[in-house]
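Here are the chains, one letter per residue:
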Amino acid sequence: MNSLAQEPDFETANLAFVGYRDFYNKDDNYVVKNFTSNISEMRDFIASVETISNDDYAEDVVGGYYNALKYLSWTPKNHKLIVHFADLPVMVMDGTLELAINTLTR
């Protein structure tokens, strides 16, 4: 991100962050930072996010996408891009996948 901000032809980009964890983390499942054009602010926010180690391995990927769509302030006319970093496969519990698919396809 540092080199991106220093490019002379760089146009303003709004960045957002959605971090997701296991279903079992209850209140700590998601970390959301809404869109900002301040790259230093976003870098500092991401650096402050703490990981939580659990023994079940799979993460709530679908919940992460759901939070990205529901809680971020997407601008209708702008281009949109989601870059997804993951280390383990999706975890599906209690019909969550069906709920997410229905929400994402509306």
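In the block above lies the structure referred to throughout.
Residues numbered from 1 in each chain as written. Predicted model: local features only at pLDDT ≥ 70, side-chain atom pairs only at ≥ 80, totals over all residues. Heavy atoms only, no water.

Overview of the pattern of salt bridges
In step 1: A complete count under the given rule lists two salt bridges for this structure.
In step 2: Of the charged contacts in the structure, one is a salt bridge between lysine 33 and glutamate 41, with a shortest N-O distance of 2.5 Å.
In step 3: With a relative accessible area of 33%, glutamate 41 lands in the partly exposed category.
In step 4: Of the charged contacts in the structure, one is a salt bridge between arginine 43 and aspartate 44, with a shortest N-O distance of 3.8 Å.
In step 5: According to the relative accessible area criterion, aspartate 44 is partly exposed, its value standing at 46%. (Salt bridge = Lys/Arg side-chain N within 4 Å of Asp/Glu carboxyl O. Buried < 20%, exposed > 50% of the residue type's maximum accessible area, 1.4 Å probe, protein only.)

Quick word on the side chain of asparagine 67
In step 1: One can find asparagine 67 in helix 3 (residues 61–71).
In step 2: Residue asparagine 67 is classed as buried on the basis of its relative accessible area, which comes to 7%.
In step 3: Those residues in contact with asparagine 67, other than ones at most four positions away along the chain, are Val18, Tyr30, Val32 and Leu72. (Helix = DSSP H or I, 4+ residues; strand = E, 2+ residues; numbered from the N terminus. Contact = heavy atoms within 4.5 Å.)

Looking at the side chain of threonine 36
In step 1: Relative to the helices and strands, threonine 36 is located in strand 2 (residues 30–36).
In step 2: Within the structure, threonine 36 has its side chain in polar contact with the backbone nitrogen of asparagine 38 (distance 3.1 Å).
In step 3: Non-local contacts of threonine 36, meaning those with residues more than four positions away in its chain, are made with Ala13, Asn14, Leu15, Glu41 and Met42. (Polar contact = N/O pair within 3.5 Å; in protein donor to acceptor, adjacent residues only side chain to side chain.)

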